Amino acid sequence: MQPNSISSPKFKVSRFNPHREHLKTQITHTSLLTLKPRASLPKIQKNSSQISQRSEIPLFKMQSMGSPISQSYLLEMEKVYCVWHSETGIVGGEQKKHNQDAIIVQNTNNYQLFMVCDGHGSSGHLVSNYVLSSLIQQIEQGMQRNQYMLQYNTQLHKTVIKGAFAKTTSLLEQSSLPISRSGCTCNMVMLLQQNIVPADLGDFQQEFQKESVVYCANVGDSRAMMVSKGVRGGLITNQLSMDHRLDVVEERNRIKQKGGTIAQLQHNGQSVGPYRVWLDEMQGSGLAMSRSFGDTQMQSVGVTSEPTIYESKVRQQDLFMVIASDGVWEYMTNQQVAKFVYEKYEQQDQAAQYLVQQAQQQWKENDVVVDDISCIVVFFNQSL
């Protein structure tokens, strides 16, 4: 947040259909960026010198606490390569004491998780790390408890994810962390191989076809998107999550129905910055999002940690995913982010750091501070 305030190895699956909420429950959010096509890319091998971590280690937990993070990670799934990077923000020309973003990439036998949490408030760095740790544990327990039924009930994945978010909320509120005015966002992407279950199961011993599926669960304004190659050689961006901001009609309505006040900050008699939710007395800096973990003071006016969860199929034309804190998205469009990552498509180990650097430059040109900026880039390594 601004200061103040990660079988079917060929991926032959059905059409990808991401959604973004605005005025209606589900609205497709797609854009086209035209770029010059490139030659086929070399396959990334397991013994590549650009891979600094290996999948024999089941869990890489990157919690940024004031120093840059740059790691690359090779998943066991064929043709999937992941890199991530995080940089601490700058206030008053000096680096902040804490990087309040937290990142995790987890590879298991059954699924991969990619998660970015972005803290805010004086204890935001503590909240983001707590939420990240708890969600990983709750997801793992839920998947283990339901491992048999998950083979036949594909919608159960959403139930597991929703339950993990609810349990994490409960544990956080029971913890000793000061969360009245501190909290965090969370954007979590689960990538897995899912059975294509026919309407008539017939023989329960039958061997199902599999498809690659993405489940994206989001609370707050961190964002995930898929970038695909277009028929005419461009890039198509598809947002996988909805930003929970106060300019979204459904979010505004919920806050107002609960008695919350929605307004911008005032500076020299002018309204500045994003819309924020306030209590009636409008003290402090307000909260520039409609959903978050923590921020218990704002729960009475409709701020919630219930995630929106979307399911998407991974297609052969899908090139990469980006999961990032709002430090990436604040001054760059989805198309710009796609373009910068694409520029490093042949040097994928550099893509995350390059994207963060570009986002930093935008902050320097448009603001007096630089936010903590973190991203995860997941490449499917399809040739253009």
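This structure is a prediction, so every number in the text was calculated from the model and none was measured. (Residues numbered from 1 in each chain as written. Predicted model: local features only at pLDDT ≥ 70, side-chain atom pairs only at ≥ 80, totals over all residues. Heavy atoms only, no water.)

Glancing now at the environment of I104. Structurally, the position occupied by I104 is in strand β7 (residues 101–107). I104 sits in the buried class, given a relative accessible area of 1%. In this structure the C-alpha to C-alpha distance between I104 and I376, which are 272 residues apart in sequence, comes to 9.0 Å. (Helix = DSSP H or I, 4+ residues; strand = E, 2+ residues; numbered from the N terminus. Buried < 20%, exposed > 50% of the residue type's maximum accessible area, 1.4 Å probe, protein only.)

In the structure shown here, the tally under the stated rule is ten salt bridges. In this structure, K162 and E306 form a salt bridge, with 3.6 Å as the shortest nitrogen-oxygen distance. With K162 in helix α2 (residues 156–174) and E306 in the loop between β15 (293–294) and β16 (308–313), the pair connects residues that are 144 residues apart, well separated along the chain. E306 gets classed as partly exposed once you look at its relative accessible area, which sits at 40%. A salt bridge links K313 to E311; the shortest N-O distance between them is 3.3 Å. Of the two residues, K313 and E311, neither departs from the other in class, the shared state being buried. A cluster of three or more residues bridged by salt bridges with shared partners is formed by D221, R245 and E330. (Salt bridge = Lys/Arg side-chain N within 4 Å of Asp/Glu carboxyl O.)

The contact between helix α5 (residues 334–343) and helix α6 (residues 351–366) brings their axes to 9 Å, and the two run at 135°. The orientation of α5 relative to α6 falls into the category oblique. Of the two possible hands of crossing, α5 and α6 adopt the one that is right-handed. Residues V337, F340, V341 and E343 of α5 form the contact with α6, whose own contacting residues are A351, Y354, L355 and Q358. The residue makeup of the contact of α5 with α6, split by class, is six nonpolar, one polar and one charged. (Axes fitted to C-alpha atoms, helices over the stretch in contact; angles between N-to-C directions. Parallel < 35°, antiparallel > 145°, perpendicular 65-115°, else oblique. Left-handed = near helix turned anticlockwise from the far one by under 90°. Contact = heavy atoms within 4.5 Å. Nonpolar A, V, L, I, M, F, W, Y, C, P; charged D, E, K, R; others polar.)

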